[in-house]
Amino acid sequence: MPPIEADGRAKDYWRSIEELYDLAPGSSRLPEHVLRTVWDTLSETSRRQFLKALGASIALAGLAGCRWPKEEILPFARRPEGRTPGVLVHYATAFELAGAATPLLVTSYDGRPIKVEGNPLHPFNLGACDRFAQASLLELYDPDRSTTPVERTPAQRVTRTWEDFAGSCRERFSALAARRGRGLVILAEASSSPTLARLKAGLRRKLPEARWFEYEPLSRDNEREGTAAVFGVPYRTHFALDRAKIIAAFDADLLLAHPAALSYARQFAAQRTAARGEMNRLYAVECAYTVTGAAADWRFPLAAGLIGSALVRLLAELVVNFDLALPPQAGNLGARLTSALGSPLDGLQLRALAGDLRRAGGRGVIAVGPSQPPLAHALACLLNEALGNVGQTVFYTPEPDPERPTHMVAIAEVAEAMRRGEVDTLVVLGGNPAYDSPADLEFADALRKVPVSVHLSLYEDETSRLCTWHLPRAHYLEAWGDARTYDGTISIVQPLIEPLFGGKSAIEVLSMISEENPRSGYELVRETFDGSVQDPDRERAWRVALHDGLVEKSAFAPAYPAPRWEMTGEIVGKLLAQNASERETLEIVFGESHASFDGRFATNAWLQELPDPLTKLAWENAAIVGPQTARSLGVETGGVLRLSYRGRELEIPAYVMPGQAEDSVFLALGHGRRSPAGRGSGFDTYALRHSAAPHFDRGLKAIFTGRRHRLACTQEHHLIDALGQRGEAQRLGRLVREGTVEEYRRDPEFARHRVHEPPLRSLWQEQEFSGHRWGMAIDLTACIGCNACVIACQAENNIPVVGKENVALGREMHWIRIDRYFSGSVERPRVLFQPVACHQCEHAPCEEVCPVAATQHSQEGLNEMVYNRCIGTRYCSNNCPYKVRRFNYFNYHTHPPEIEKMLHNPEVTVRSRGVMEKCTYCVQRISAVKVRAGNERRPIRDGEITPACAQTCPTQAIVFGDLADPQSRVAKLRQSPRAYAMLAELNVRPRTHYLAKLRNPIEEEKSA
């Protein structure tokens, strides 16, 4: 049952457990943990620092008039040929992460990249982009990047040149060639690069006794091993979610953490928004709350170690209760499946899912996440085959390198070989194994025994500091290369700028150590391309591939292998045996960090300050526990736990998360770096990770230490609390509106009928807007809360990073926030995301109170900010009902390194302290299109102007356009029966409207 309010009504929506239980309706006091955060901050500040801050805040308005630094603008003495100054140019390239590429279109201004977006010509992502690829731009201009090769001896650290390394390399590898490469080990990141694969094959021919290993701490090897078990050879699984009626995700975050997430999110949302047509239904069974779980119509929290048993139960439901026929080779499973139906499984009921999958007629999908064991993936393959999904919504492609060992086996073999003294030369191409390898392998200690070790990396990280040679790596925007998307399509990686610090790419370093005459990255990539393309005019084909960002018809061919049904009984028996382990202790679960991935983005301030979609934590990680588990441990959010597992201990703060599986503790990897570049961000959970159970295991013990830790959590910042004086309007149901697809079909106006909005009249003559009337529509059904729009806005509009301390005080500067709302019970809540930015109100409350007219309306209805007028009174922020204005407390651009200045978008003002700033609908993009259309003497086409948030959105949840054009997409969406204006009763006339969220629940959910 949902929680009950003081007046006896069921509370529809709530933002946090603190809001649910601690705050009385209408109360204006801060939650206790926020008060503690403020007090802790003040108590850590000396009297002198406090008085300095107080004096600065008093003087801020007076200083605002003289804050702008004097700059001199000089023209080119000699203009470079072929370049028009001030014109934005776009280049196609690709960003590779963990062996899968994201196709990109990068904007360059006067020779420097300033914005990363998705490639609209690529069928894989169609212009969408994720947070990691967009934020990778910040690394390009990071002054902490490595700038020169370094040689380390036991006594000293010596700065070298690439020529020094080349000389040492020739001597070392000549000796290795004499013994056919014996003693040489290369440890590389996962890569899909055809050029790297070609060089690797050449190295093996030249040095046949050298060994090559690949390691990623967050690999998908369990899927690979599972398909190998059921098909005989490993395959890669692909889904067509746009054709699926029923999607079942078992611990699988398909919409955010999958290598094909951008494609899957677009396909998934396409059916969700076609409300009057057929709407898919998403089931999620998972341990920790994910973005896919938040989008699900039915979600069940279950310990990670029980997911395999859940799959067996699904098979039992299908066979016993829905007459799913298995081939005779599967054997007689009747007794086992009947016992699986009768075994307790924490109240999990899968009968509705089984029935939906049977009725889907082959248009279903069963997906299993990478942390689940190979047998779970094998059983999913058999289920998809038995249901007829293969060939309709599921297909396979062969794995590119079927013979390689798994990543966990590889890193263990390398560590053991180093300990035994079998490695005299180790080359590490990317990665950071001294930090992110399992703790029991003691990789760092083994690395110290290697006579010669070389590490190629962007930073001098934990691994570099233990190697005899560190080599600065070129950023992907500085280097030539190639990579494949998850479906196999090849993209050319082309540089947009010369290497800023003289770095080299992995293929260039590999050429240095394996070829007598090292070649440039361009020569290596071009040779690979020329050797694979079928077009006789290779130069034309090369230019087309560079322009379009892909090599046509290079995707892997789909395959439909026949499963080995005789393994069904063995798989079922082993899964039931594996998941029947003792449960006296807690379960420990390791997973990807939303901010750091596996630790490689720990230095990226954009990502560190980006709130996690579900927890809303920024700048660090925590031990995620469910409400019941927290009560049994006697801990609240921020309380420090001492975790003990396999003889190792870690102290880390707890975060109580509604919907987290009970008796299970989730730990995000990738924080708590020990190198200077990433130090101070969170807690190193790799210290507890074991190679025998790298994903989850039982045996964890947790004790509350009695101490507290300050967490920077943004969920209760910028609350729309002005409604507290408006009685019924206080209920959050006026802000977010949702219903079922059946309700929508019965009453298309349900979103508007749900809240009574009386007719409103203005007391004065309203302003009339001529020409264009820009507006935005945000579809809550499509929004998955991925935060891609937040990073896009930050990169486009030069939004500064403020740091953990200021985030904890509610001073983050993001112009878009993604509000996360819960509804239902604490144990099994539903989640709804709502992006909120400036609504560009036609009757803007902020304009009425500004004493200097710094905020005012344009003739096209945009609420504009004149920064050099603003004196920082913050009256506008107080009067804004949406709480979307951000005040610069400090000058975050004071004396930045010269290289950081290259990051800024010149089309947008770099704001100084003491001014208010907010979303502008990307007015610079509007102006650019207006000028171009005017020069071409034509009207602006619908969709020609796309703000950064809408451009990058994987699900196309955000639509922008001209409301004056009744045929525009945004105007039509405004007329949708699902459309509503947030806080319309205030008569502020917002230009941004929302479309109510639709769900497709099962019968038990609708009756609950």
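Residues numbered from 1 in each chain as written. Predicted model: local features only at pLDDT ≥ 70, side-chain atom pairs only at ≥ 80, totals over all residues. Heavy atoms only, no water.

### Comments concerning the overall build of the protein
Here is the rule we go by: To qualify as a helix, a DSSP run of H or I must reach at least 4 residues; to qualify as a strand, a run of E must reach at least 2; elements of each kind are numbered from the N terminus. Any residue under 20% of the maximum accessible area for its type is buried, any over 50% is exposed, and the rest in between are partly exposed; the area is computed with a 1.4 Å probe on protein chains only. Accessible areas in this description were obtained via Shrake-Rupley with a 1.4 Å probe; residue shielding takes into account the shown protein chains only.
In terms of helices and strands, the protein carries 33 helices and 38 strands. Taking all 1008 residues of the protein together, 61% fall into the buried category. About 40300 Å² of surface is accessible on the protein, with carbon and sulfur atoms providing 51% of the total.

### Brief notes about the packing of helix 10 (residues 307-321) against helix 13 (residues 374-386)
Heads up, the condition is: Note on method: axes are straight lines fitted to C-alpha atoms, helices fitted across the in-contact stretch only, with angles between N-to-C directions ranging 0 to 180 degrees. The labels follow the angle: roughly parallel below 35 degrees, roughly antiparallel above 145, roughly perpendicular from 65 to 115, and oblique for the rest. The crossing is said to be left-handed when, going from far helix to near helix, the turn is anticlockwise and less than a right angle, and right-handed when the turn is clockwise. In this analysis, two residues are considered to be in contact whenever any of their non-hydrogen atoms come within 4.5 Å of each other. Classification used: nonpolar for Ala, Val, Leu, Ile, Met, Phe, Trp, Tyr, Cys and Pro, charged for Asp, Glu, Lys and Arg, polar for all others including Gly.
Contact geometry of helix 10 with helix 13 gives a least axis separation of 10 Å together with a crossing angle of 20 degrees. By the criterion of interaxial angle, the relationship of helix 10 to helix 13 is roughly parallel. Note that helix 10 runs across helix 13; the crossing there is left-handed. The segment helix 10 lies against helix 13, with Leu311, Val312, Leu314, Leu315 and Leu318 engaging Ala376, Leu379 and Leu383. Its residues placed into classes, the contact of helix 10 with helix 13 shows 8 nonpolar, no polar and no charged.

### Brief notes about a nonpolar patch on the surface
Formally: The patch calculation keeps residues exceeding 30% relative accessible area without a salt bridge and links them within 9 Å when they carry like charges or within 5 Å when they are nonpolar (Val, Leu, Ile, Met, Phe, Trp, Tyr). Salt-bridge detection follows one rule: a side-chain nitrogen of Lys or Arg within 4 Å of a carboxyl oxygen of Asp or Glu.
A surface patch of nonpolar side chains, about 220 Å² in accessible area, is lined by Val87, Val89 and Tyr91. Locating Val87 in the fold gives a position in the loop between helix 3 (47-63) and strand 1 (88-97).

### A few points about the pattern of salt bridges
Any two side chains of opposite charge can pair if their charged atoms end up close together. Considering all chains together, one arrives at 58 salt bridges under this definition. Residue Arg999 is joined to Glu738 by a salt bridge in which the shortest nitrogen-to-oxygen separation is 2.7 Å. With a gap of 261 residues between them, Arg999 in strand 38 (residues 997-999) and Glu738 in strand 27 (residues 738-740) connect regions that are remote in the sequence. Each member of the pair, Arg999 together with Glu738, is buried. Notably, a salt bridge pairs Arg978 with Asp779, separated by 3.0 Å at the nearest N-O pair. Taken together, the residues Arg978 in the loop between helix 32 (969-974) and strand 36 (979-980) and Asp779 in strand 28 (residues 774-779) connect sequence positions 199 residues apart. In this pair, the class of Arg978 matches that of Asp779, namely buried.

### Quick look at the pairing of strand 17 (residues 481-484)
Put simply, the rule reads: Whether two strands pair comes down to DSSP finding at least two bridges between them.
Here strand 17 shows a buried face lined by Gly481 and Ala483 and a second buried face lined by Asp482 and Arg484. As judged from the 4 bridges shared by strand 17 and strand 18 (residues 490-493), these two strands associate in the antiparallel manner. Counted as the bridge partner of Ala483 is Ser491 from strand 18.

### Here's the deal with the confidence of the model for the protein
Close inspection of predicted coordinates is inappropriate in any region flagged by low pLDDT. Cut-off, in case you're wondering: Values of pLDDT, which run from 0 to 100, indicate the predictor's confidence residue by residue.
Taken as a whole, the protein shows an average pLDDT of 87; of its residues, 88% reach a score of 70 or greater. Low confidence marks residues 1-11, where pLDDT is under 50. Its contacts with residues over four positions away, or in another chain, come to 21 contacts. Note on residues 23-71: pLDDT is under 50 here. Beyond four places in sequence and across chains, it has 43 contacts.

### Re the nonpolar core
Convention followed: Note on terminology: a nonpolar core comprises buried Ala, Val, Leu, Ile, Met, Phe, Trp, Tyr and Cys residues joined through side-chain atoms within 4.5 Å.
If you look at the biggest cluster of nonpolar residues, it comprises 230 residues, and the most contacted ones within it are Phe250, Leu314, Leu348, Leu353, Ile366, Leu667 and Tyr882. In terms of residue count, the dominant contributor to this core is helix 13 (9 residues). Beyond its immediate chain neighbours, meaning those up to four positions away, Tyr882 contacts Ile720, Arg817, Val836, His839, Cys841, Met982, Leu983, Val988 and Pro990. Judged by nonpolar contacts, the second largest core, of 38 residues, contains Leu429, Leu456, Phe529 and Trp542.

### Focus: the sheet that holds strand 21 (residues 623-625)
If you trace the 6 strands once around the closed barrel, you get 19-24-21-23-22-25, paired in mixed fashion. Along the sheet, successive strands turn relative to each other by an average axial angle of 45 degrees, direction set aside. As judged from the 5 bridges shared by strand 19 (residues 586-591) and strand 24 (residues 664-668), these two strands associate in the parallel manner. Looking at strand 24, one finds that Gly591 is bridged to Ala668.

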